[in-house]
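Results of the structural survey
These are the residues of each chain, in order.
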Amino acid sequence: TEHSLVDSSVKVHAYKKNGSEADSVKTYKESKEALVLHDYIESNQVADSAFLMGLQTFQVNHGLAPDMKVGKNTAKALSGNPFEFYKSAAVSLEKWKWANDWEDEYIFVNIATYKLKFYKDENLRQEHKVVVGTYFNKTPELDSEIEYMVAYPFWTVPKSIRNRELIPKSKKDSTYLSRNNYQLLKGGKVVEMSSVDWKNISPDNFDYTVRQRGGRSNALGMIKYYFKNKHAVYFHDTPSKGKFMNDIRPYSHGCVRVDEPIKLAEYLLARDGEFFHIDSVRAAINKKQKKTITLQNNMPVHIRYFTAEGDEEGNIRFYPDIYKKEQKLQEIIFPKPEEIEV
């Protein structure tokens, strides 16, 4: 509606557990004004029950936990400009125009929504929460196919992480690697940690491969899924399960961490036929043995970035532009009046 596209906003301050009563009243009042502006309630005078229902619907439509509380993320979304949300939807529609037709069955990860979804014949079959890369370690957009999975995997640490994180930590504490289940390899053979003179080590003269053994502390968790791509990213489990409880989840170095990863394996193997069963995966994990399972039928993977997305009921969901990727396209589609050539 014309009202919902108004180019203004209401600044909403998050509720503070230890805040004063005046702060709580202020948050309540601001939230009502914002919901009126966004067309979720009719006026500031609605009953509390209507306000809470409107707030919950707003949270659902912005990828937030529908807890009816005005926390930091809800306050930030309520403070958004309705016209900015409209522009987000327009940009997403424009980007979909560029996409080629996908397969009858595929995995779709929308980075901005923190979701991995299975589609078959345009129907959603399964969904997983995911953790994606940080702003400085962005998960890339790509197209590929899952070729195999590895149960109880090793993690060979990329040089960038090794140089930026592990070497500095080991120089401060020579036991850091061994305490965290890492190994050093040279020429494919394991090297004793005690043989390394950490005081004189730097990224320039460090010629070891760093590998983390399989297990619950392994950064890849209990299983990973491999698909070819120039960025060396993949799907995997994680020992940091608590991150999946957050609404906003950009914590990884670029790979996609998957909640309920064994359920993902179960879907892929059931689709693949009778070659392997999910029990093979569970047995390898229980025995603490690395096991590679090659799929007979590769699963297409599409990773994209859309800050607005439709759901199966036809509703539009909005998500924060965590990578600040859509601003330039918004400026092209919606130029400022002084930028329009006459």
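Quick caveat, the model's predicted, so the values are computed rather than measured.

1. Some remarks on the overall build of the protein
Along its length, the protein carries nine helices and 15 strands. Each principal axis of the C-alpha distribution contributes one length, and for the protein these read about 70 × 50 × 50 Å. Relative to its 342 residues, the protein shows a buried fraction of 44%. Of the contacts formed within the protein by residues at least 6 apart in sequence, a portion of 63% connects residues at least 24 apart. For the protein, the exposed area adds up to about 19100 Å²; of that, 50% sits on carbon and sulfur atoms. Of the charged side chains in the protein, 51 are positive and 47 negative, and the gap between their average positions amounts to 11 Å.

2. Describing the layout of surface pockets
The computed volume of the largest pocket comes to approximately 910 Å³. Around the largest pocket, the lining comprises 29 residues; the ones closest to its centre are Glu84, Tyr319, Pro320, Asp321 and Lys324. Every element with two or more residues in the lining of the largest pocket is listed here: α3 (72–78), α4 (82–98) and α9 (327–333). Broken down by element, the lining of the largest pocket gets its largest block of residues, five residues, from α4. Its residues assigned to classes, the lining of the largest pocket comprises 12 nonpolar, eight polar and nine charged. Residue lining of the second largest pocket: 33 residues in total, with Trp155, Pro158, Ile161, Ala219 and His253 positioned closest to the centre.

3. Structural notes on the environment of Phe227
Here Phe227 shows up in strand β9 (residues 223–227). By relative accessible area, which is 1% here, Phe227 ends up buried. Sequence-wise, Phe227 and Asn137 are 90 residues apart; in three dimensions their C-alpha atoms are separated by 19 Å. If sequence neighbours within four positions are ignored, Phe227 has contacts with Leu142, Ser144, Glu145, Ile146, Val233, Tyr234, Phe235, Val301 and Ile303.

4. Comments concerning the packing of helix α7 (residues 261–272) against helix α8 (residues 278–287)
Direction vectors running N to C along α7 and α8 enclose 145°, while the axes themselves pass 9 Å from each other. Every residue of α8 that contacts α7 at Ile262, Ala265, Glu266 and Leu269 is listed here: Ile278, Val281, Arg282 and Ile285. Looking at side-chain class alone, the contact of α7 with α8 contains six nonpolar, no polar and two charged residues.

5. Quick look at the pattern of salt bridges
Under the criterion given, the structure shown has 15 salt bridges. Notably, a salt bridge pairs Arg304 with Asp143, separated by 2.9 Å at the nearest N-O pair. In this pair, Arg304 is assigned in strand β13 (residues 291–304) and Asp143 in strand β4 (residues 142–151), connecting sequence segments 161 residues apart.

6. Quick word on the nonpolar core
Counting residues in each nonpolar core, the largest one holds 60 residues, and the members touching the most others are Ile107, Ile146, Met149 and Phe235. Beyond its immediate sequence surroundings of up to four residues, Met149 is in contact with Ile223, Lys224, Tyr225, Ala265, Leu268, Leu269, Val281, Lys291, Thr292, Ile293 and Leu295. Judged by nonpolar contacts, the second largest core, of 16 residues, contains Val10, Val12, Val36 and Leu64.

7. Overview of the packing of aromatic side chains
We describe a pair of aromatic rings using the distance from one ring centre to the other and the angle between the two ring planes. In this structure the tally under the stated criterion is 20 aromatic pairs. Summarising the aromatic geometry, the rings of Phe83 and Tyr86 are spaced 5.8 Å apart at their centres and angled 15° between planes, so their arrangement reads as stacked. Of the two residues, Phe83 and Tyr86 are both situated in helix α4; the distance of three residues between them amounts to about one turn of the helix. Among the residues examined, Phe83 registers a relative accessible area of 22% and is labelled partly exposed. Connected via pairs of aromatic rings, a cluster forms that spans Trp96, Trp102, Tyr106, Phe108, Tyr119 and Phe306. Residue placement shows Lys95 over the ring face of Phe306; its charged tip is 5.3 Å from the ring centre. Between Lys243 and the ring centre of Tyr251, over which it is positioned, the NZ or CZ distance is 4.4 Å.

8. Points about the sheet that holds strand β5 (residues 155–156)
Across a sheet, paired strands are connected by hydrogen bonds in the backbone, their directions being either parallel or antiparallel. Spatially, β5-β8-β6-β7 is the arrangement adopted by the four strands of the open sheet, whose pairing is antiparallel. Both edges of this open sheet fall to β5 and β7 (189–191), since each of them pairs with a single strand only. Summarising the sheet, strand β6 (residues 182–186) and β7 pair through three bridges and their orientation is antiparallel. Its bridge partner being in β7, Leu184 is matched across the sheet by Val191.

9. Details of the pairing of strand β3 (residues 123–133)
Pairing of strand β2 (residues 115–120) with β3 involves six bridges; the strand directions are antiparallel. Opposite Leu116, over in β3, you have His128 as the bridge partner. The turn joining β2 and β3, which pair antiparallel and follow one another in sequence, is formed by two residues; a positive phi near 55° is taken by Asp121. Bridge count between β3 and strand β12 (residues 256–258): two bridges; the pairing is antiparallel. Each residue of the ladder has a partner; that of Val130, found in β12, is Val258.

10. Quick look at a negative patch on the surface
On the surface, Asp101, Glu103, Asp104, Asp121, Glu122 and Glu145 cluster together to form a negatively charged patch. With respect to the helices and strands, Asp104 occurs in the loop between α4 and β1 (105–110).

Calculation rules
Every chain is numbered independently, its residues counted from 1 as its sequence is written. It should be noted that, the model being predicted, local features are given only for residues of pLDDT at least 70 and side-chain atom pairs only at 80 or more, the latter also being counted only at that level, while totals for whole chains, interfaces and linings use all residues. Each side-chain value is derived from all of the structure's non-hydrogen atoms; neither hydrogens nor water enter the calculation. For the purposes of this entry, the term helix denotes a DSSP run of H or I that reaches at least four residues, the term strand denotes a run of E that reaches at least two, and both are numbered from the N terminus. Throughout this description, buried means an accessible area under 20% of the type-specific maximum (1.4 Å probe, protein chains only), exposed means over 50%, and partly exposed covers the range between. Residue contacts are defined here by distance: any two heavy atoms, one from each residue, within 4.5 Å place the two residues in contact. Where accessible areas are quoted, they stem from the Shrake-Rupley method and a 1.4 Å probe; at the residue level, only the protein chains shown are allowed to cover. Positive charges come from Lys and Arg, negative ones from Asp and Glu, while His and the chain ends are left out of the count. Each charge is placed at NZ for Lys, CZ for Arg, CG for Asp and CD for Glu. Grid spacing is 1 Å over the protein atoms alone, the probe is 1.4 Å, and a cavity is where that probe fits but cannot get out, while a pocket is an open set with protein on both sides within 12 Å along at least five of seven lines and lining residues have an atom within 4 Å of a point. Grid points are joined across faces, edges and corners, and a volume is the space filled by probe spheres set on the points. Just so you know the grouping, Ala, Val, Leu, Ile, Met, Phe, Trp, Tyr, Cys and Pro go in nonpolar, Asp, Glu, Lys and Arg go in charged, and all remaining residues, Gly too, go in polar. Angles here are taken between N-to-C directions and fall from 0 to 180 degrees, while the axes themselves are lines fitted to C-alpha atoms, restricted in helices to the stretch in contact. The salt bridge criterion pairs a side-chain nitrogen of Lys or Arg with a carboxyl oxygen of Asp or Glu, the two atoms within 4 Å. What we call a nonpolar core is a set of buried Ala, Val, Leu, Ile, Met, Phe, Trp, Tyr and Cys residues that are connected through their side-chain atoms within 4.5 Å. Stacked, tilted and edge-to-face are the three classes applied to pairs of Phe, Tyr and Trp rings, where Trp contributes its six-membered ring and a pair requires centres within 6.5 Å; stacked means planes under 30 degrees apart, edge-to-face means over 60, and tilted covers the rest. By the criterion adopted, a ring carries a charge over it if an Arg CZ or a Lys NZ lies within 6 Å of its centre and within 35 degrees of its normal. Here a strand pair is declared whenever DSSP counts at least two bridges between the two strands. In this scheme, patches are assembled from residues that exceed 30% relative accessible area and form no salt bridge. Like charges are connected within 9 Å, while nonpolar side chains (Val, Leu, Ile, Met, Phe, Trp, Tyr) are connected within 5 Å.

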